[in-house]
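Given next are the chains, with one letter for each unit.
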Amino acid sequence: MKNQLLLAVVIAMVSVPAIATIYHAKMNNFYVRSASPELLYGVKVVGKSIQVAVVSTGCTGVESFKVKVIDESEQQTTLQLLRVKPDLCRAIPHLIEIEIPLPKEAIAREILMSNSIGDASRYRSNIKVLPKPD
């Protein structure tokens, strides 16, 4: 009886961390797959692309975002910038400017962004501009 109780305790001690790890992995996997609107610190249309300023902690790039068309009319297109890849690095938060190609239906139209705009004053001194992708 004592041996069975001891075995049950050992199994419980081993399986609880394993279950917690699996649960944590599933939660992280869910987070990575769910796109969320990005807080923008600056937006500018440059030719056939938009240049946006966003916060990075070291691992944000063009591939971290997707542009979604929210609404369109003959003269304007409303877009939303979604973060599809989280920045899990640990550098000091800083602003970066990235250039993202516009969707074809948005070229040569007035562009409206549905993202919220943040106060860039605390980041202004250390903004970095990423090189354009080839």
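From a predicted model like this one, the values you see are computed outputs, not experimental measurements.

Digging into the sheet that holds strand S8 (residues 128–129)
Picture the strands of a sheet paired through backbone hydrogen bonds; they go either parallel or antiparallel.
Okay, step 1: Spatially, S2-S3-S6-S8 is the arrangement adopted by the 4 strands of the open sheet, whose pairing is mixed. The open sheet has two edge strands, strand S2 (42–46) and S8, and neither has a second partner.
Okay, step 2: As defined by bridge partners, strand S3 (residues 49–56) adjoins strand S6 (residues 94–101) across 8 bridges and the pair is classed as antiparallel. Bridge assignment links Ser56 to a residue of S6, and that residue is His94.

As for the pattern of salt bridges
Okay, step 1: Taken as a whole and judged by the stated rule, the model has 2 salt bridges.
Okay, step 2: The shortest N-O distance in the salt bridge between Arg83 and Glu38 comes to 2.9 Å. Taken together, the positions of Arg83 in strand S5 (residues 76–83) and Glu38 in the loop between strand S1 (36–37) and S2 put the pair 45 residues apart, joining distant regions of the chain.
Okay, step 3: In this structure Arg83 comes out as buried when scored by relative accessible area, which is 9%.

Quick word on the nonpolar core
Nonpolar side chains in soluble globular proteins tend to end up buried together.
Okay, step 1: Grouped together as the largest cluster of nonpolar side chains are 14 residues, with contacts concentrated most on Val52, Val54, Leu81 and Ile100.
Okay, step 2: When residues of this core are traced back to their parent elements, those giving at least two are S3, strand S4 (65–72), S5 and S6.
Okay, step 3: Residues within four places of Leu81 in sequence aside, it is in contact with Ser36, Pro37, Glu38, Leu40, Val52, Val54, Phe65, Lys66, Val67, Ile100, Met113 and Asn115.
Okay, step 4: Judged by nonpolar contacts, the second largest core, of 6 residues, contains Tyr41, Val55, Ala120 and Tyr123.

Structural notes on the state of the cysteines
Among covalent bonds in proteins, the disulfide is the one between the sulfur atoms of two cysteines.
Okay, step 1: Tallied over the full model, the rule gives 1 disulfide.
Okay, step 2: Here Cys59 is linked by a disulfide to Cys89, with a sulfur-sulfur distance of 1.5 Å. Here Cys59 is found in the loop between S3 and S4, whereas its partner Cys89 is found in the loop between S5 and S6, with 30 residues between them in sequence.

Some points on the environment of Leu88
Okay, step 1: Counting through the fold element by element, Leu88 comes out in the loop between S5 and S6.
Okay, step 2: We classify Leu88 as exposed; its relative accessible area is 66%.

Describing the confidence of the model for the chain
Okay, step 1: Here the chain shows a mean pLDDT of 81. Residues at 70 or above account for 71%.
Okay, step 2: Segment residues 17–32 is flagged for pLDDT under 50; beyond a separation of four residues in sequence, or across chains, it makes 4 contacts in the model.

Some details on the side chain of Thr60
Okay, step 1: Looking at where Thr60 falls in the secondary structure, it is placed in the loop between S3 and S4.
Okay, step 2: Here Asp87 takes part through its side chain, which lies 2.7 Å from a polar atom of the side chain of Thr60.

Observations concerning the environment of Asp71
Okay, step 1: Positionally, Asp71 belongs in strand S4.
Okay, step 2: Separated by 41 residues in sequence, Asp71 and Leu112 place their C-alpha atoms 9.3 Å apart.
Okay, step 3: Residues contacting Asp71, with those up to four places away along its chain left out, are Gln76, Thr77 and Thr78.

Reading the values: rules and limits
Residues numbered from 1 in each chain as written. Predicted model: local features only at pLDDT ≥ 70, side-chain atom pairs only at ≥ 80, totals over all residues. Heavy atoms only, no water. Pairing = 2+ DSSP bridges. Helix = DSSP H or I, 4+ residues; strand = E, 2+ residues; numbered from the N terminus. Salt bridge = Lys/Arg side-chain N within 4 Å of Asp/Glu carboxyl O. Buried < 20%, exposed > 50% of the residue type's maximum accessible area, 1.4 Å probe, protein only. Core = buried A, V, L, I, M, F, W, Y, C linked by side-chain atoms within 4.5 Å. Contact = heavy atoms within 4.5 Å. Disulfide = S-S within 2.5 Å. pLDDT = per-residue confidence, 0-100. Polar contact = N/O pair within 3.5 Å; in protein donor to acceptor, adjacent residues only side chain to side chain.

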